[in-house]
Amino acid sequence: MYTLFAIPNCDTVKKARTWLAEHAVSYQFHDYKKQGIDRATIEHWLTQKSWEELVNRAGTTWKKLPDGEKPTDAEGAIRLMLEKPSVIRRPLIESDGQVVALGFKADDYNTVFAG
């Protein structure tokens, strides 16, 4: 079973959810806005992806941050992701504790979810 971590009103997430539905990929939806995220989960993701990969620097949340609040290391990124989960690149899809997809690209999804 897959878990899709995101916020529902994100355009990229909507594209990913449409792709998953069209390809009959089942998943649970984890809504950062309603369910939040905990330090242990973020730290686990950081064993697989760098904090630079996890933080969405193209998003509105990042762009609105004053330069002094933008992290320069993993600990700063963890604090930011806990405080503002919408800064986490989305969607992040996990299966059995492993990050299998980050963001949405149809070609990548074809590879990850083939079969």
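Structure: above.
Calculation criteria
- Residues numbered from 1 in each chain as written.
- Predicted model: local features only at pLDDT ≥ 70, side-chain atom pairs only at ≥ 80, totals over all residues.
- Heavy atoms only, no water.
- Salt bridge = Lys/Arg side-chain N within 4 Å of Asp/Glu carboxyl O.
- Helix = DSSP H or I, 4+ residues; strand = E, 2+ residues; numbered from the N terminus.
- Buried < 20%, exposed > 50% of the residue type's maximum accessible area, 1.4 Å probe, protein only.
- Pairing = 2+ DSSP bridges.
- Core = buried A, V, L, I, M, F, W, Y, C linked by side-chain atoms within 4.5 Å.
- Contact = heavy atoms within 4.5 Å.
- Phe/Tyr/Trp six-rings, centres within 6.5 Å; stacked < 30°, edge-to-face > 60°.
- Lys NZ or Arg CZ within 6 Å of the ring centre and 35° of its normal.
- Axes fitted to C-alpha atoms, helices over the stretch in contact; angles between N-to-C directions.

Draft legend 1. Here's a closer look at the pattern of salt bridges. A complete count under the given rule lists 5 salt bridges for this structure. In this structure, R39 engages E43 in a salt bridge whose closest nitrogen and oxygen atoms are separated by 3.0 Å. Of the two residues, R39 and E43 both sit in helix α3 (residues 39-45), 4 residues apart, roughly one turn of that helix. Taking the shortest distance from any N to any O, the salt bridge between D67 and K70 comes out at 3.5 Å. The exposed category is assigned to D67, whose relative accessible area is 64%. K70 sits in the partly exposed class, given a relative accessible area of 21%.

Draft legend 2. How the structure looks around the pairing of strand β4 (residues 98-102). Sheet topology places strand β3 (residues 92-95) next to β4; 4 bridges connect them, and they run antiparallel. Directly across from I93, in β4, lies its bridge partner A101. The loop that links β3 with its antiparallel partner β4 comprises 2 residues; one of these, D96, has a positive phi angle of about 50°.

Draft legend 3. Seen up close, the nonpolar core. Residues L20, Y32, W45, M81 and Y109 are the most contacted members of the largest nonpolar core, which totals 31 residues. Mapped by element, the contributors of at least two residues to this core are β1 (2-6), α1 (11-22), α3, α4 (51-54), α6 (74-83), β3 and β4. Beyond its immediate chain neighbours, meaning those up to four positions away, Y32 contacts F5, A6, I7, I37, W45, P85, I88 and L92.

Draft legend 4. Focus on the packing of aromatic side chains. One pass over the structure, following the stated rule, counts 7 aromatic pairs. With centroids separated by 4.7 Å and ring planes inclined at 85°, the aromatic side chains of F104 and Y109 adopt a geometry described as edge-to-face. Classification of F104 as partly exposed rests on a relative accessible area of 22%. Y109 sits in the buried class, given a relative accessible area of 1%. What links up through ring pairs into an aromatic cluster is the set Y2, W19, F104, Y109 and F113. The ring of F29 carries the charged tip of R17 above its face, separated from the ring centre by 4.0 Å.

Draft legend 5. Representation of the sheet that holds β4 within the structure. The 4 strands are arranged β2-β1-β3-β4 in an open sheet whose pairing can be described as mixed. Only two strands of the sheet have a single partner each, and these edge strands are β2 (27-31) and β4. Strand-to-strand twist across the sheet, computed as the mean angle between neighbouring axes with direction ignored, equals 25°. Taken together, the 4 bridges between β1 and β3 define a ladder with antiparallel strand orientation. Across the sheet, Y2 pairs through a bridge with S95, a residue of β3.

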